[in-house]
Structure formats: C-alpha cells, structure tokens
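# Fold and contact review
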Amino acid sequence: MSEQLCTRIVNEIERAGPMRFDRYMNLALYEPGLGYYVNGLHKFGQAGDFVTAPEHGRIFATALARQIDEITAHLDGAWTLMELGAGSGVLARDLLGLLTHPPARYLILDTSAPLREVQAETLADLPRSLRSRLAWLDSPPDESFKGVIIANEVLDALPVARFEMTRQGLTELKVDLAGDRLGWTRSSPSARLEDAFEKLRSELPAPLPEGYQGEICLVLPGWLETITKPLAHGAVLLIDYGYPRSEYYRPDRNTGTLVCHYRHRAHFDPFVWPGLTDLSAFVDFTAVAEAAADCGLEVAGFTSQAGFLLSLGAHELLDQAETDLDHMRLASELKRLTLPGEMGEKFKVLGLTRGFDQPLLGFEMMGQLHRL
C-alpha cells in the first residue's frame, strides 16, 4: 500500500516537477484507498498509532457533554450536533449516552469509508432511539441548522505548506526525488504562500531568522468557511494541539511543528512509509480565530484542555468513584488529560459562536483569549 502511494507520488513528481508539501500531505493522508485516513488500517487506540482524549475513558466526553448541554439549553426546539472526523466513533457513542437532551440529529462528517465502518460498529450497541439520529455525510449539509459543531484533533491534519527563511528571503520547501527516496528541495514560493507569509510577517514581533523553517495552513480559511456555513445559531468547539501565533512562530521553534506518528512513536521524517504514517502540524490558533472572524463567527473563548475540562468539573468525577480501583483509574485518566506534561497544556480549546451571546462555561476558570 505504501509502495503504491510512493509510486503515484514519484510519477507525479517526474511528470510535473517538485511537489508542494501540502499536496504531498494531502496524498499521504487522503488519497482514495491509499492515504493514511482512508486505507482501512487501524489508527486509533492502543492497537493503532495514537490515542485521542475520548479513548482514555469517559472524563473528556462527560465534560464536553456538560458544555454542549449548557449551550443547547439556550436553543429553542430540536437541535443538531455535527462532529468532524469522528475517528473510532467513541466520542459520538459517549456523547449520545451522556447528553441530557440528545440532539435530533447527530451528523458525522467523515469521507473515509473504512473509518465509517469502524464508527458504525462502535455505535451499534446504542439504543435504537439514539442510533436513528445518526447520519454520515461527505460534506456539510446544504440546509442551515442550530446546534453545535465539534472537531477533536481535526485541524492538525489539514495539509500545510512548508517554508524556510534563507539569506535571499522566503523559499518554499517542496518534495522531490533524492536518489532512491523522497526528500526536501527548495524553490521559489508560490504566489499563495508568498501572500500568506507577507500577512504573517507583518504581524510578528520580529523577523524570522535565517534558517528558520515553519508551516502555514493555506486551506484553513476556506475549510472553516465550508464547515461552519450551515451553522445559523450555536457554537463550534475546536480541540487540538497548538499555540497562539506569538508562540507558534517563536525564533527558537526553528524546525517547525510537523510531526509524524507510527505505532505510538513520534518521528520527524514525513517521507517514511507514506500512507502508513500519520502526518500532522500544530495549529496556529490565532490564524483560526482570524479565519473565524472572516466567516462571521465570534471568538467566545480560548484555553488549554486542562482549563476547559476543569472549568466543566472534570475533577468532580473522582468523587463518584464507587471503589478504590475506580478512583485510581479516574485519577490516572484525569492526569493524562490535564497535566502540563501530558495533554493538559499541549492541547487547546477554541470556542466560536454565531448568533449566540451566552458565556461558555468551559472558558470560565482559565480563559486565555488575551494570548490570541
């Protein structure tokens, strides 16, 4: 499978010349039948390549359900929950079982047929009354709705362009043939990258030093516009690893944020086993907030995952443990989700709203909007 994808990539490079990295990343992750998220191989949990927050247990989903309950209490009538990239389906299963008033529709936006099968299997044991609310989509619905959109670890998988600062100025890092394997090459930046970088450079406190490498997600504004367009009234909750811009482009973060995962091990060579290795880049949350404003959304809150979960009373779940063993298990789960050395600070939560002016509880204790 990786060999087939490599052949396709090599053929395109031989035909058209060095490949933009965002094009390469899109092929490596999403090429039909071959890309990482669409080739049918197991991705999530202990047997996969990484474990997402919902798969550690039910604390994450319980806290998120409380936030969704708070939002939807202010929405009249039937409402819709749309989850982007539902992974193994664990979060959807848990939310449908935990929400005080479940949505009239739970829409799963996921183009991967193999992942849809995994999700359907995970959700098969739900009561029929809840399963009947589920629907899978290839693209956002045409009709508008009121409700909530959630995306956990989706933004980091959007393809990014890569650049390097040289003595001559901005160069684009592309993919080319290097002997019998793929490797980096440098070329003049595309007009789109150059325009995006000029905007970025005008907002940084100091010029980036020579030799600095980094990423820009050029598709972010269009992606956010597309997925939030149907939301007429409600909120969007985006959870992912990343930084505000002032920290994202720190001069000492000079090799960028691109990271690869294979069987629970991180590495930094995106050309190893294309299609079998996850590729991701940390999220520039300032860029997401700017794109949200352009979409007519309000930025309602920004905080760390720890701040979000603790504001929603995640720690109170320990008091509900019936046995010492349950207490130990919940305490261990809470530590993984909230400690700075685990997921607590690395992951951030951005809350966006449209036509909704109520405060969001998840950003009450440790709000960090000033960092954007």
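One numbering rule holds for all chains: residues counted from 1, following each sequence as written. In keeping with the model being predicted, local features are shown solely for residues with a pLDDT of at least 70 and side-chain atom pairs are shown and tallied solely at 80 or more, while totals for entire chains, interfaces and linings include all residues. Only hydrogens and water are set aside when side-chain values are computed; all heavy atoms of the structure are taken into account.

## Let's talk about the sheet that holds strand β11 (residues 259-262)
- Across the sheet, which stays open at both edges, the three strands sit in the order β12-β11-β13 with antiparallel pairing between neighbours. At either end of the open sheet lies a strand with only one pairing partner, and these are β12 (265-267) and β13 (278-280). When strand polarity is set aside, the average angle formed by the axes of neighbouring strands in this sheet is 30 degrees.
- As paired elements, β11 and β13 share three bridges and run antiparallel to each other. Bridge pairing links C260 to L279 in β13. Strand pairing follows a simple DSSP-based rule, namely that at least 2 bridges must link the two strands. Helix and strand assignments follow DSSP, with helices taken as H or I runs no shorter than four residues and strands as E runs no shorter than two, numbered in order from the N terminus. Lines fitted to C-alpha atoms define the axes here, with helix axes fitted over just the stretch in contact, and angles between the N-to-C directions of these axes take values from 0 to 180 degrees.

## Some remarks on helix α12 (residues 324-338)
- Counted at 1.5 Å a residue, the expected span for α12 with its 15 residues is 21 Å, and the 21 Å between its end C-alpha atoms agrees.
- Burial classes: relative accessible area under 20% of the type maximum marks a residue as buried, over 50% as exposed, and values in between as partly exposed (1.4 Å probe, protein chains only). Within α12 the residues assigned to the buried category are L330, A331, E333, L334, L337 and T338. Along the axis of α12, the buried positions cluster into a sector of 165 degrees, meaning they face one direction only. Turned more than 90 degrees from where α12 packs its buried face, D324, L325 and M328 sit exposed.
- Residues of α12 that are buried make contact with α3 (59-72) and α11 (305-311). Here, expected helix span is obtained from the residue count minus one, scaled by 1.5 Å. What the arc measures is the spread of directions leading from the helix axis to the C-beta atoms. By definition, residues are in contact when any of their heavy atoms lie within 4.5 Å.

## A short note on the side chain of T286
- One can find T286 in helix α10 (residues 285-294).
- A relative accessible area of 7% means that T286 is categorised as buried.

## Some details on the packing of aromatic side chains
- A pair of Phe, Tyr and Trp rings is counted when the ring centres sit within 6.5 Å of each other, with Trp represented by its six-membered ring. The angle between the planes then sorts it: under 30 degrees is stacked, over 60 is edge-to-face, the rest tilted. According to the stated counting rule, one finds 16 aromatic pairs in the structure shown.
- Judged by centre distance (4.8 Å) and plane angle (35 degrees), the ring pair of Y262 and W273 falls under tilted. Pair noted here: Y262 is in strand β11 and W273 is in the loop between β12 and β13, with a separation of 11 residues, a long-range link.
- According to the relative accessible area criterion, Y262 is partly exposed, its value standing at 21%.
- The exposure class of W273 is partly exposed, given its relative accessible area of 44%.
- Two conditions define a charge sitting above a ring: the NZ of Lys or the CZ of Arg must be within 6 Å of the ring centre, and it must be within 35 degrees of the ring normal. A cation over a ring is seen here: R253 above Y243, with NZ or CZ 3.9 Å from the ring centre.

## Focus on the layout of surface pockets
- For each structure, a 1 Å grid was placed over the protein atoms alone; sets of points admitting a 1.4 Å probe that cannot get out are labelled cavities, open sets with protein on both sides within 12 Å along at least five of seven lines are labelled pockets, and lining residues have an atom within 4 Å of a point. Grid points are joined across faces, edges and corners, and a volume is the space filled by probe spheres set on the points. Considered as a void within the structure, the second largest pocket measures approximately 510 Å³ in volume.
- Mapped by element, the contributors of at least two residues to the lining of the second largest pocket are α7 (191-203), β9 (213-216), α8 (220-228), α9 (245-248), β14 (283-284) and α10.
- In the scheme used here, Gly and all other residues not listed as nonpolar or charged are polar, with Ala, Val, Leu, Ile, Met, Phe, Trp, Tyr, Cys and Pro taken as nonpolar and Asp, Glu, Lys and Arg as charged. Considering only residue class, the lining of the second largest pocket consists of 18 nonpolar, no polar and nine charged.

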